[in-house]
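# Fold and contact review
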Amino acid sequence: MAQHDSVDVLPDAPPPRVPGPEVGKAPTVEPDGGATLLAWLRRMRDEQPVWRDEAGNTHVFRHQEVQRILSDPATFSSDTVGRLSGGERQAPRGTLLLLDPPLHSKMRRLVSRAFTTGLIAGLEPWITELTTELLDAVDSDHFDLVDAVANPLPVTVIAGMLGVPLSDRSLFQGWADQLLSTDPDDPQSVQRMEETAVRISGYLQEFITARRERSHDDLLGTLVQAGIDGERLTDEDIVSFATLLLLAGHITTSVLVGNTVLCLDRHPELLRTVREDRSLIPALIEETLRLRPPFTRIERVPVREVEIGGVTVAPDTLVHLWLLSANHDERAFEDPAAFVPGRSNARQAAFGHGIHYCIGAPLARLEGRIVIDLLLDRFSDIRVDPGARLSYHGTNVYGARHLPLAVKRA
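Residues numbered from 1 in each chain as written. Predicted model: local features only at pLDDT ≥ 70, side-chain atom pairs only at ≥ 80, totals over all residues. Heavy atoms only, no water.

### Side note on the packing of helix α8 (residues 152–162) against helix α12 (residues 235–266)
Contact geometry for α8 and α12: axes closest at 8 Å, N-to-C directions at 150 degrees. In terms of orientation, α8 and α12 fall into the roughly antiparallel class. For the pair α8 and α12, the sense of crossing is right-handed. On the side of α8, the interface is formed by P154, V155, I158 and L162, while α12 contributes A242, L245, L246, G249, H250, T253 and S254. (Axes fitted to C-alpha atoms, helices over the stretch in contact; angles between N-to-C directions. Helix = DSSP H or I, 4+ residues; strand = E, 2+ residues; numbered from the N terminus. Parallel < 35°, antiparallel > 145°, perpendicular 65-115°, else oblique. Left-handed = near helix turned anticlockwise from the far one by under 90°. Contact = heavy atoms within 4.5 Å.)

In structure tokens, the structure reads:
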């Protein structure tokens, strides 16, 4: 079996005794592409669906509880920065993921103007053109999908939406890679992350200043002119949102594209079917999002003492909500380890749930659909290189850093 063959597989037998509560730490995606992590999550759903780790953090694994918590922002705050620091630090207003109502509602209404269904649909010709250019640059029957397409495409789209020069996309790519590789337990890694944030801020400040002097019809221009409760957004607010868009928007699409190709590689009969009927691509992407969501978990903090699955959780305790586990929960999905495009996926949690549902989800779906469609046009055969040893992002991001392909041109 090739190295990538075990990426999505859960054994039919009971899961092995893998690291769990007695160790106090979840397994990483490495080195087996997530098989051990998936087995551990299944064990936790069955044996300890609400678990307190050695650091005192709470982990929630079942679909029902994850969705309930995401649906209750009044009880479970997204302001992990403010609440865990005792109010000593506050997230900038542009960091939607870390805001609570009413500020979150106001800020989201403001930035959602750039993410309406009509505006996103209007980007399709441009995204198709960008993807075609990236594939035109592929001059070999062996190439890395992540390097060639899955990374540069969303970074270029984000740069275009913000209104910064597309020629600077390599800068954006490097910054995004640096932020994603941050290890919170490594002081040097954290220092590099902080230095990267300073560079991003300095870069964007030039464009923000220019738009305060002269209006521009782009996202930065919209944010500069917008306000909340009669107060203009600060430069820090705008930088924080642009950074969030760069990081989350880039990695979501990049991982979605790679994961979709990984799933097709494991199911060649499905690849043939989709090649003949491209209308199946949206369902293919939805099932990929369920089976392999870009982010494995997100965090909340209860504002008061609460009970989760029969376990009492103190206020201001970090709660990890395992989206990957929720999407594999046998209580919510029949045969969840199977890749079945077209199944009812209305409850899948890849993009979150409730008021914090990913604002860029329609854009990620559009980019993913376009890339898969053009790959099928361009190549008559697409395989993950059987000799490749894949490396993965880590515990929080569920996807390959690089995806070497062997293809035949149509």
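Let's pick the thread back up.
### What to know about the packing of aromatic side chains
Inspection of every chain in the model, using the stated rule, returns 10 aromatic pairs. Taking the centre distance of 5.4 Å and the plane angle of 85 degrees together, the rings of W40 and F61 count as edge-to-face. Linking W40 in helix α1 (residues 35–47) with F61 in the loop between β2 (58–60) and α2 (63–70), this pair joins segments that are 21 residues apart in sequence. A relative accessible area of 0% places W40 in the buried class. You can call F61 buried: its relative accessible area is 0%. Ring geometry for F61 versus W322: centroids 6.1 Å apart, planes at 20 degrees, classification stacked. (Phe/Tyr/Trp six-rings, centres within 6.5 Å; stacked < 30°, edge-to-face > 60°. Buried < 20%, exposed > 50% of the residue type's maximum accessible area, 1.4 Å probe, protein only.)

### Some remarks on the side chain of T131
If you trace the backbone, T131 turns up in helix α6 (residues 124–136). Residue classification places T131 among the buried residues on the basis of a relative accessible area of 0%. Filtering out sequence-adjacent residues up to four positions away, T131 remains in contact with V149, L153, I370, V371 and L374.

### Some words on unusual backbone geometry
For the bond from P101 to P102, the omega torsion is 0 degrees, close enough to zero to count as cis. One non-glycine residue, D229, lies in positive phi territory at about 55 degrees. Within the fold, D229 resides in the loop between β5 (227–228) and β6 (231–232). Even without a glycine there, the phi angle at D316 is positive, about 55 degrees. Checked against the element boundaries, D316 lands in the loop between β9 (311–313) and β10 (319–322).

### Quick word on the environment of E54
Mapped onto the elements, E54 comes out in the loop between β1 (50–52) and β2. E54 sits in the exposed class, given a relative accessible area of 66%. Note: C-alpha distance between E54 and S71 (17 residues apart in sequence) is 27 Å.

### Section: helix α16 (residues 361–378)
Between the first and last C-alpha of α16 there are 26 Å, a value that for 18 residues agrees with the 26 Å anticipated at 1.5 Å per step. Listing the buried residues of α16 in full gives A361, L363, A364, L366, E367, G368, I370, V371, I372, L374, L375 and L376. (Expected span 1.5 Å × (residues − 1).)

### A look at the pairing of β10
Along any regular strand the residues' side chains alternate between the sheet's two faces. Of the two faces of β10, the one holding V319 and L321 and the one holding H320 and W322 are both buried throughout. Direction of pairing for β2 relative to β10: parallel, over a ladder of three bridges. Its bridge partner being in β10, V60 is matched across the sheet by L321. Of the pairings in the sheet, the one linking strand β7 (residues 297–302) to β10 comprises four bridges and is antiparallel in character. The partner of I298 across the bridge, within β10, is L321. (Pairing = 2+ DSSP bridges.)

### Points about the state of the cysteines
Cysteine pairs can be covalently joined through their sulfur atoms, and such a bond is termed a disulfide. Applying the stated criterion across every chain, the model contains zero disulfides. Not part of a disulfide, C263 finds its nearest cysteine sulfur in C358, a span of 19 Å. We classify C358 as partly exposed; its relative accessible area is 26%. (Disulfide = S-S within 2.5 Å.)

### Brief notes about the sheet that holds β1
Reading across the sheet, the five strands line up as β1-β2-β10-β7-β3 and stay open at both edges, with mixed pairing between neighbours. Each end of this open sheet is capped by a strand with a single partner; those strands are β1 and β3 (76–77). Packed on one face of the sheet, α2 meets β2, β3, β7 and β10 and runs near 120 degrees to β10.

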